[in-house]
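# Understanding the architecture of this molecule
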Amino acid sequence: MVVQDSVDAPGVPLEPFLHQVGGHLSVMKYDEHTVCKPLISQEQRFYESLPLAMKRFTPQYKGTITVHLRKDSRGRLSLVANPLTENRGPFTVSTESAAVAIWQTLQQTTGGGALPLAQWQHPQRAHSLKESPATALLRSELRLKAQVPSLVEDANGNPTEKGSFNPWGLHCHRAHLTRLCAEYPENKRHRFLLLENVVSQYKHPCILDLKMGTRQHGDDASEEKKARHMRKCAQSTSARLGMRLCGMQVYQTDKKHFLCKDKYYGRKLSVEGFRQALYQFLHDGTRFRMELLEPIQHQLQALLSVIRSQSSYRFYSSSLLIIYDGQEPPQTPHGTNVSKVDVRMIDFAHTTYKGSWNEHTTYDGPDPGYIFGLENLIQILQGIHKGQ
């Protein structure tokens, strides 16, 4: 889809996407069924040339949009996207992106220093602020309660109350807003990708974000970045399993909150710790969701078959989402639960394939690191299944 913004039309206020559990770029909620994220040219081109067999395992690509900061008379900031109109002319994408700047800001803040949180206001939705958990959180500087509370765990695995939301998405959003305010004029327009909100159909989306593969750096990485990513892989389950936990939220039915873990927790996991984390992802605080194992394994096997057929593709630094609803479905007349699960690949900024733009290296055959990770994931789930 090729689109452009209509500068004369009123903007659409964006909100942080409160179910972002991993990644380093801020994901924003555009509407109930659509999210947006800073555009990186390589990722856009991947979506535009996506092999048909992979479409069921990736978010639907909905085009692009421009986003800018808006400040009201009291100095309150909001991110606003312009409505879209179709454009039949050629569409040129700049190789520059706010994404790199956002990531640099995040690198500076992960040491513990909190950046100031810009106040949030929706110019067109002032009458319905109470209906939006994201808006309420931002306007109250994270002191108001959202619809579903959450807990995070400290370095020792002990649950600690951090607020009434998954904190990772707001962490990314805070860094994003701070950088945009500091480095760009208010009227600077930034390109964003529009993608399907893959959790919109779930009441309490339980999400596991796995960084897949044994290699995480792209072909264009500097020697310093390459060494840094290789070190992270070697010191985590990426090297042993071909995957590592990048983020997770699990709805706990007994306490009615989300239990959340981030990428720093995932980097410290041993192979056995990873298996235990996977088990915890399928536990609702009251019981192990046994009925989820078979449909998850079925989808992973189908994805594995697709990846094996994609010659020359290397999905460096991409993630795999496993999703299910924390609210159990009603029983069928036969007394069984039919639970919907979803498996989706995301984050393709460093994906390369034959004929891709700015191609540095051409690879033969399917991605061995990704296949290694999928095979191990399926094997671990099979082991959990047998042990129940």
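Here the structure is a predicted model, which means the values were calculated and not measured. (Residues numbered from 1 in each chain as written. Predicted model: local features only at pLDDT ≥ 70, side-chain atom pairs only at ≥ 80, totals over all residues. Heavy atoms only, no water.)

## Here's the deal with the overall build of the chain
Summing up its helical and strand segments, the chain has 10 helices and 18 strands in all. Of the contacts made within the chain by residues no fewer than 6 positions apart, 78% connect residues no fewer than 24 positions apart. In the form shown here, the chain has an accessible surface area of approximately 17,900 Å², with 49% of it arising from carbon and sulfur atoms. (Helix = DSSP H or I, 4+ residues; strand = E, 2+ residues; numbered from the N terminus. Contact = heavy atoms within 4.5 Å. Areas by Shrake-Rupley, 256 points an atom, 1.4 Å probe, with all protein chains shown as cover.)

## Topic: the sheet that holds strand β11 (residues 190–196)
Read across the open sheet, the 7 strands follow the order β2-β7-β6-β11-β5-β4-β3; overall the sheet is antiparallel. The outermost strands of the open sheet, each flanked by one partner alone, are β2 (12–13) and β3 (15–16). Packed on one face of the sheet, helix α4 (residues 167–183) meets β3, β4 (28–31), β5 (34–38), β6 (61–71), β7 (77–81) and β11 and runs near 95° to β7. (Pairing = 2+ DSSP bridges. Axes fitted to C-alpha atoms, helices over the stretch in contact; angles between N-to-C directions.)

## Some remarks on the packing of aromatic side chains
The tally for this structure, following the rule as stated, stands at 15 aromatic pairs. Ring geometry for F46 against F348: centres 4.1 Å apart, planes inclined by 25°, an arrangement best described as stacked. Taken together, the positions of F46 in helix α1 (residues 41–48) and F348 in the loop between β17 (341–346) and β18 (350–352) put the pair 302 residues apart, joining distant regions of the chain. For the pair Y316 and Y363, a centre-to-centre distance of 6.1 Å together with 80° between the ring planes defines the contact as edge-to-face. Of this pair, Y316 sits in strand β15 (residues 314–316) while Y363 sits in the loop between β18 and α10 (368–387); the two residues are 47 residues apart in sequence, bridging distant segments of the chain. Residue Y316 is classed as buried on the basis of its relative accessible area, which comes to 7%. (Phe/Tyr/Trp six-rings, centres within 6.5 Å; stacked < 30°, edge-to-face > 60°. Buried < 20%, exposed > 50% of the residue type's maximum accessible area, 1.4 Å probe, protein only.)

## Regarding the side chain of K211
Within the secondary structure layout, K211 lies in strand β12 (residues 205–212). Buried and without a salt bridge, K211 has D347 as its closest oppositely charged side chain, separated by 5.2 Å. Within the local environment of K211, its side chain forms a polar contact with the backbone oxygen of S317, the two atoms lying 3.3 Å apart. (Lys, Arg positive; Asp, Glu negative; His and termini not counted. Salt bridge = Lys/Arg side-chain N within 4 Å of Asp/Glu carboxyl O. Polar contact = N/O pair within 3.5 Å; in protein donor to acceptor, adjacent residues only side chain to side chain.)

## Some thoughts on the environment of K354
Following the sequence through the fold, K354 ends up in the loop between β18 and α10. For the pair K354 and S311, spaced 43 residues apart in sequence, the C-alpha to C-alpha distance is 8.4 Å.

## Some details on α4
Taking 1.5 Å of rise per residue, 17 residues should cover 24 Å, and α4 covers 24 Å from first to last C-alpha, within 8% of that figure. Among all positions in α4, only W168, G169, L170, H171, C172, H173, A175, H176, L177, R179 and L180 are buried. One side-chain oxygen at the N-terminal end of α4 lies 3.1 Å from the backbone nitrogen of W168; it belongs to N166. (Expected span 1.5 Å × (residues − 1).)

## Topic: helix α9 (residues 293–308)
One turn of an α-helix holds 3.6 residues; hence residues three or four places apart share an orientation. The end-to-end C-alpha separation of α9 is 22 Å, in line with the 22 Å expected for 16 residues at 1.5 Å each. Tucked into the core, α9 has its buried residues touching β15, β16 (319–325), β17 and α10.

## Quick word on the pattern of salt bridges
Enumeration according to the criterion identifies 14 salt bridges in this entry. For R228, the salt bridge identified is with E224, shortest N-O distance 2.8 Å. In this pair, R228 and E224 both sit in helix α5 (residues 223–234), 4 residues apart, roughly one turn of the helix. Exposure remark for R228: the relative accessible area of 15% places this residue in the buried category. The shortest N-O distance in the salt bridge between R308 and E375 comes to 2.7 Å. On the criterion of sequence distance, the pair formed by R308 in helix α9 and E375 in helix α10 is long-range, its members being 67 residues apart. Under the relative-accessibility criterion, E375 is labelled partly exposed at 34%. Each of R287, R289, E291 and E328 takes part in salt bridges that share partners, so that together they form one network.

## What to know about the environment of K256
As for its position among the elements, K256 is in the loop between β13 (243–252) and β14 (257–262). A relative accessible area of 53% means that K256 is categorised as exposed. Placed 70 residues apart in sequence, K256 and G326 show a C-alpha to C-alpha distance of 9.7 Å.

## Digging into the confidence of the model for the chain
Predicted confidence across the chain gives a mean pLDDT of 80, with 74% of residues reaching 70 or more. Mean pLDDT across the elements of the chain ranges from a minimum in helix α2 (residues 98–109), with 39, to a maximum in α9, with 98. Taken as a whole, residues 1–8 scores under 50 in pLDDT and shows 28 contacts with residues more than four places along the chain or in a different chain. Considering only residues more than four positions removed or in separate chains, one finds that residues 135–147, a stretch of pLDDT under 50, has 32 contacts. (pLDDT = per-residue confidence, 0-100.)

## Things to note about the pairing of β11
Among the 7 residues of β11, 5 are classified as buried, and the element is accordingly described as predominantly covered. Strand direction decides the pairing type here: β5 and β11, joined by 5 bridges, are antiparallel. Its bridge partner being in β11, V35 is matched across the sheet by L195. Relative to β11, β6 is paired through 6 bridges, and the arrangement is antiparallel. Each residue of the ladder has a partner; that of T66, found in β11, is R191.

## Notes on the environment of G247
Following the sequence through the fold, G247 ends up in strand β13. Given a relative accessible area of 0%, G247 falls into the buried group. Considered as a pair, G247 and K211 are 36 residues apart in the sequence and their alpha carbons are 9.1 Å apart. What G247 contacts, discounting residues up to four positions off in sequence, is V21, I207, L208, D209, K261 and D262.

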